[in-house]
Each structure stands twice: as C-alpha cells, then as structure tokens.
Amino acid sequence: MNLILKEKKCFVFDMDGTIYLGDELIKGSYELFQYFNHHNIDYFFLTNNSSNSVKDYINKLNEMGIESGESNIITSSTSTISYLKRNFDICQQVFFIIGTPSMEEEFRKASINFITKKDEHTKIDAVVVGFDTTLTYKKLADASYYLNMNKTLIATNCDYICPLPEGEVTPDCGSIVSLLERTIECSVTYCGKPDIAILEPIFKQGFQREEMIIVGDRLYTDIALGFENEIDTALVLTGEATPQTIVESEVAPTIVLKSVESLYLTLKNKNKNREIFR
Ligand SMILES: [Mg+2]
C-alpha cells in the first residue's frame, strides 16, 4: 500500500500504550503534538478506556503539555451512550452499571437512567459494564443477579488488559465481561473500538476515511477498526503488540512504527524510513 503520511489530514490516536504509559508520556509524543499544532493538522484521541471521563482526559493531557478539548476526545463511554440512545428508550428504560464514578458521571450527564446496586423493586433492561477500577465482588454479584433475569450485557470495550509502565498490566473491561459470561450465559455487545460507531463524531466533523490514519498499539481494537473499515493504520510497538503478535494476527496494520517518535521524525523528514516497516 502506498501510504503518504504527509497527505493525511486527520490523525486519530489511541492513548494508553500509544502516546503514554500510565502517567508517563512516551518519547516523541510531546514533539509530535507540537508539530500538529504548528502545522494546523487535526488530531483526535480515541480511547477504549472507560474508567476516566472526557474531562479527566483533558486534564491529564493538558498536564502532559498536550492540547486537547471536548471536541477531540472520544471514549468508549461516549460510544456506549450513543449505542444506548440508538437501541433503547432512555426516557423509560433503566440500566445496571458497573463502572467508575467518572463513568457514572458521563452516563448521568447524558440522562441515562441507571442504578449501581441491587434493588429488587427495579426492573433492568440491560447490564452495562465498563473498565471499572473500583470493581468489588458485590458489584459482580449484583450484575449476575440482573443478568440471570435479563440476559443482555453491553460492554464499553473488549480489551482484556490495560498496559502499564515497566511491562505491567491490569485487567480491563473484557476480563470483567469474561468473568460475568462464565457466571451467566448471556449475549454481549461491545461498543468501543473496533466498532465503527466510535468514529461517528469524527465523520460528523467532515473527515473522509482516506484522509484519516488510526495510530494505536493494539491489533484487535485500534488496527482492526481501520483494517475492517478501509482506514489506514499505524501500529506502534510501545504497548501490547509485538512483532510476534503481528505475524499471528488476522488483521494487518498499513504500517508498523517503533513508536510515535518515528511518526514525528517521518513527518519532519528526519527519519529516512529506517523505523517504518510496511
Ligand atoms: Mg492502547
């Protein structure tokens, strides 16, 4: 594929494992976003991590020196709320939610009716699960109670793990869903990447698929989103994917980069493609 990075008008970035690990910015990220701002190139942040709200991400990125606002951050909570609005009558229907206080706040702001504790008098239309870093056994037991009656489980994202610095990992939404699925057989709908609906806010701003490139560290979410929808992708090797997993994967990135620093150097013409593998 003949990919010319300089012709792209819209760069869509995953965050965890792509531009930072935990609270540490990955080398080259700061310079890359300075470059975009200087050249008026549009960029978006697209994360499957539903443990934080859009406001949390704005604060985190701004503290790291990366400019961002409500118009260029999309989380899997955002796409889950859109899914609920498309498929349920949110004025009438009620959900049971497993999520962090930040995720609950996003759902509250969107006028979604939900409970977070078992209430035998409340009828539930679906259980919604996010990447809950405040998860307790009580929440899992209460969710199982509702899933036993209504077999509908909606998950913000399918990721099994969230990468941390020094190669550490922590369980993500997909692992919580696996536990619930082993407890109660139910049908699961995943709302985050690679579901194309998560890109809706970007399409609404007028960008076409060929103008975009998705940059991420995970094959089955970031790269699958582009691969399945004819959007170019750049896989970075600073998070989950390794050269071995690329070989084994059914989805193929358009290009593979050592890190976002390679992208920055290429855009600045300082990288003679030594770190780009197509
Ligand atoms: Mg990632």
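All values derive from a computational prediction rather than experimental measurement.

(A) Region of interest: the pairing of strand S4 (residues 42-47). In terms of burial, S4 is largely enclosed, as 5 of its 6 residues are buried. Pairing of strand S1 (residues 10-13) with S4 involves 4 bridges; the strand directions are parallel. Following the sheet pairing, phenylalanine 13 is matched in S4 by phenylalanine 45. As paired strands, S4 and strand S5 (residues 73-75) are joined by 3 bridges and run parallel to one another. By the bridge assignment, threonine 47 is partnered in S5 with threonine 75.

(B) Spatial organisation of the packing of helix H1 (residues 29-38) against helix H10 (residues 260-267). Following both chains from N to C, one finds H1 and H10 inclined at 40 degrees, their axes separated by 8 Å at the closest point. Viewed along their axes, H1 and H10 adopt a mutual orientation that is oblique. As for the relative orientation of H1 and H10, their crossing is left-handed in sense. On H10, the residues touching Ser29, Glu31, Leu32, Tyr35 and Phe36 of H1 are Val260, Leu263, Tyr264 and Leu267.

(C) Inspection of the coordination of the magnesium ion at higher detail. Distances from the magnesium ion to its protein donors, namely Asp14 (OD), Asp16 (O) and Asp217 (OD), fall within the range 2.1 to 2.2 Å. Spacing between the donor residues of the magnesium ion along the chain follows D-x1-D-x200-D. Given the relative accessible area of 8%, aspartate 14 is considered buried.

(D) Main features of the domain arrangement of the chain. You can read the domains of the chain as domain 1 (5-48 + 194-277) and domain 2 (89-190). In this complex, domain 1 contributes 13 residues to the contact, which on the side of domain 2 involves 10 residues. Roughly 900 Å² of surface becomes buried between domain 1 and domain 2 when both sides are summed, with 56% attributable to carbon and sulfur atoms. Here domain 1 and domain 2 share 1 salt bridge between them. Of the charged contacts in the structure, one is a salt bridge between aspartate 159 and arginine 218, with a shortest N-O distance of 2.4 Å. Summed over the shared surface of domain 1 and domain 2, the number is 5 residue pairs in polar contact (both at pLDDT 80 or more). Of the residues in the side of domain 1 that touches domain 2, the class split is 3 nonpolar, 4 polar and 6 charged.

(E) Examining unusual backbone geometry more closely. For the bond running from lysine 193 to proline 194, omega is 10 degrees, close enough to zero to count as cis. When you line up the elements, proline 194 lands in the loop between strand S12 (187-190) and helix H7 (200-204). The phi dihedral of asparagine 40 falls on the positive side, at around 50 degrees, and the residue is not glycine. Mapped onto the secondary structure, asparagine 40 falls in the loop between H1 and S4. Within the chain, serine 111 stands out as a residue other than glycine whose phi angle is a positive 60 degrees. Locating serine 111 in the fold gives a position in the loop between helix H4 (101-109) and strand S7 (114-115).

(F) How the structure looks around the sheet that holds S12. One open sheet accounts for 5 strands, arranged S7-S6-S8-S9-S12; its pairing is parallel. Taken across any chain shown, the strands that pair with only one partner, and hence form the sheet edges, are S7 and S12. Pairing analysis gives 4 bridges linking strand S9 (residues 152-155) to S12, with the strands arranged parallel. Each bridged residue has a counterpart across the sheet, and for alanine 155 the counterpart in S12 is tyrosine 190. On the sheet, helix H3 (residues 76-87) packs against strand S6 (95-98), strand S8 (126-129), S9 and S12 and is oriented at approximately 145 degrees with respect to S9.

The rules behind these values
Residues numbered from 1 in each chain as written. Predicted model: local features only at pLDDT ≥ 70, side-chain atom pairs only at ≥ 80, totals over all residues. Heavy atoms only, no water. Buried < 20%, exposed > 50% of the residue type's maximum accessible area, 1.4 Å probe, protein only. Helix = DSSP H or I, 4+ residues; strand = E, 2+ residues; numbered from the N terminus. Pairing = 2+ DSSP bridges. Axes fitted to C-alpha atoms, helices over the stretch in contact; angles between N-to-C directions. Parallel < 35°, antiparallel > 145°, perpendicular 65-115°, else oblique. Left-handed = near helix turned anticlockwise from the far one by under 90°. Contact = heavy atoms within 4.5 Å. Donors = N, O, S within 2.8 Å, 3.2 Å for Na, K, Ca; no water. Domains from an automatic or database assignment. Buried area = accessible area lost by both parts, 1.4 Å probe. Salt bridge = Lys/Arg side-chain N within 4 Å of Asp/Glu carboxyl O. Polar contact = N/O pair within 3.5 Å; in protein donor to acceptor, adjacent residues only side chain to side chain. Nonpolar A, V, L, I, M, F, W, Y, C, P; charged D, E, K, R; others polar.

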